[in-house]
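Here is what each chain is made of, one letter per residue.
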Amino acid sequence: GWMKREASSGHWKNYDIQTIHNPVPVEYFEEVDHLSAQGALGLVSSKPVVLVIAGNLGEDRKGGSVLEDILSRLANDDIQFLLIGHGLPSSKIPDNAKSLGFISDKVTLRIAHAAADLLLHPAPIDNLPNTVAEAMCCGTPVLAFDTGGLPEMITPGKSGWLVKQQSAQSMITELRNLLESRSYEPLRDSTREIARNLFSEEKATGKYLAHFDSCISLS
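Cut-offs and rules
- Residues numbered from 1 in each chain as written.
- Predicted model: local features only at pLDDT ≥ 70, side-chain atom pairs only at ≥ 80, totals over all residues.
- Heavy atoms only, no water.
- Buried < 20%, exposed > 50% of the residue type's maximum accessible area, 1.4 Å probe, protein only.
- Helix = DSSP H or I, 4+ residues; strand = E, 2+ residues; numbered from the N terminus.
- Pairing = 2+ DSSP bridges.
- Right-handed = clockwise from strand over helix to strand, strands pointing away.
- Arc of directions from axis to C-beta.
- Contact = heavy atoms within 4.5 Å.
- Salt bridge = Lys/Arg side-chain N within 4 Å of Asp/Glu carboxyl O.
- Axes fitted to C-alpha atoms, helices over the stretch in contact; angles between N-to-C directions.
- Parallel < 35°, antiparallel > 145°, perpendicular 65-115°, else oblique.
- Left-handed = near helix turned anticlockwise from the far one by under 90°.
- Nonpolar A, V, L, I, M, F, W, Y, C, P; charged D, E, K, R; others polar.
- Core = buried A, V, L, I, M, F, W, Y, C linked by side-chain atoms within 4.5 Å.
- Patch = residues over 30% accessible without salt bridge, like charges linked within 9 Å, V, L, I, M, F, W, Y side chains within 5 Å.
- Areas by Shrake-Rupley, 256 points an atom, 1.4 Å probe, with all protein chains shown as cover.
- Polar contact = N/O pair within 3.5 Å; in protein donor to acceptor, adjacent residues only side chain to side chain.

Some details on the pairing of strand S5 (residues 142-145)
Item 1. Side-chain alternation along S5 places Val142 and Ala144 on one buried face and Leu143 and Phe145 on a second face that is also buried.
Item 2. Where strand S4 (residues 118-121) and S5 come together, 3 bridges link them in parallel fashion. Note on S5: the bridge partner recorded for Leu120 is Leu143.
Item 3. Viewed along the sheet, the connection from S4 through helix H5 (residues 130-137) into S5 turns out right-handed.

This is the structure in structure tokens:
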């Protein structure tokens, strides 16, 4: 994967390098009813819910300028944005967006993931973001740019979608296509299954043990 290639091109090139994803706590794999989660957050089931999470939503490194453009241009669309994080002034949050501020409580985060129809991840570059992993474990497919380690996490058409061109317009076009076709609806089970193979504690433990056994056999 991307991180392994980066490591192999530098100081660690003469070492045996394995990619082992950080595991996501087992409770994230527990199913929360989609409609109940929407009701708990005051959302309506008749409109798709697009979740965005970042510590600082306005930070350019996290795609802040792209997000602001998307919120502005989709302010009148039949859609609900659910925002978690700080960094956006109230003037940048349209009427069709609900901001929950910064949240660290895992139960509330799981409810937000369950309420969402998809996670929008507008970062222009990222490694293996926990936000994406946690969303997938909850069965929430992800729309992101085709950058960094995201292609290792997202399987297009099964656990989300990757946008090749890094621009707000490209992301808006893809988002509107997804919302019109409602192609996110059948992906909850496949997203959770892919996440289980990537981020479960059992899978990570098995990979660590296999790597340790390999190292011992070579010594």
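Still to come is the rest of the account.
Some thoughts on unusual backbone geometry
Item 1. Backbone geometry at Arg182 places phi at a positive 55°, although glycine is not the residue there.
Item 2. Here Arg182 is to be found in the loop between helix H7 (168-181) and helix H8 (188-199).
Item 3. Under the relative-accessibility criterion, Arg182 is labelled partly exposed at 33%.

Let's talk about helix H3 (residues 64-73)
Item 1. Those residues of H3 that fall on the buried side of the exposure criterion are Gly64, Val66, Leu67, Ile70 and Leu71. All buried residues of H3 lie within an arc of 160° about the axis, which places them on one face of the element.
Item 2. Tucked into the core, H3 has its buried residues touching strand S1 (49-56), strand S2 (80-86), S4, S5 and H7.

Describing the pattern of salt bridges
Item 1. As enumerated under the stated definition, the model contains 8 salt bridges in all.
Item 2. Note that Asp77 and Arg176 form a salt bridge whose closest N and O atoms lie 3.0 Å from each other. Of the two residues, Asp77 is situated in the loop between H3 and S2 and Arg176 in helix H7; the sequence distance between them amounts to 99 residues.
Item 3. Asp77 sits in the partly exposed class, given a relative accessible area of 27%.
Item 4. By relative accessible area, which is 35% here, Arg176 ends up partly exposed.
Item 5. For Arg182, the salt bridge is made with Glu185, and the minimal N-O distance between the two is 2.7 Å.

Examining the packing of H3 against H7
Item 1. At their nearest, the axes of H3 and H7 sit 9 Å apart, and the two run at 50° to each other. The orientation of H3 relative to H7 falls into the category oblique. Between H3 and H7 lies a crossing whose hand is right-handed. Where H3 abuts H7, its residues Val66, Asp69, Ile70 and Arg73 lie against Ala168, Gln169, Met171, Ile172, Leu175 and Arg176.
Item 2. Tallied by class, the residues present in the contact of H3 with H7 amount to 6 nonpolar, 1 polar and 3 charged.

Examining the nonpolar core
Item 1. Membership of the largest hydrophobic core comes to 34 residues, with the highest contact counts inside it found for Leu51, Val132, Met136, Val142, Met153 and Phe199.
Item 2. Broken down by secondary-structure element, the contributors of at least two residues to this core are S1, S2, helix H4 (106-115), H5, S5, helix H6 (150-153) and H8.
Item 3. The greatest single-element share of this core, amounting to 5 residues, is contributed by H5.
Item 4. Not counting chain neighbours up to four residues away, the residues in contact with Met153 comprise Leu128, Pro129, Val132, Ala133, Met136, Ser159, Ile194, Leu198 and Phe199.
Item 5. Among the nonpolar cores identified, the runner-up in size contains 28 residues, and Val52, Leu67, Ile79 and Leu179 belong to it.

Brief notes about a nonpolar patch on the surface
Item 1. There is a patch of nonpolar side chains on the surface, built from Leu209, Phe212 and Ile216 and spanning about 320 Å² of accessible area.
Item 2. Mapping Leu209 onto the fold places it in helix H9 (residues 201-218).

What about the side chain of Thr140?
Item 1. Inspection of the secondary structure puts Thr140 in the loop between H5 and S5.
Item 2. On the basis of relative accessibility, which here comes to 0%, the residue Thr140 falls in the buried class.
Item 3. Polar side-chain contacts of Thr140 include one of 2.6 Å to the backbone oxygen of His113.

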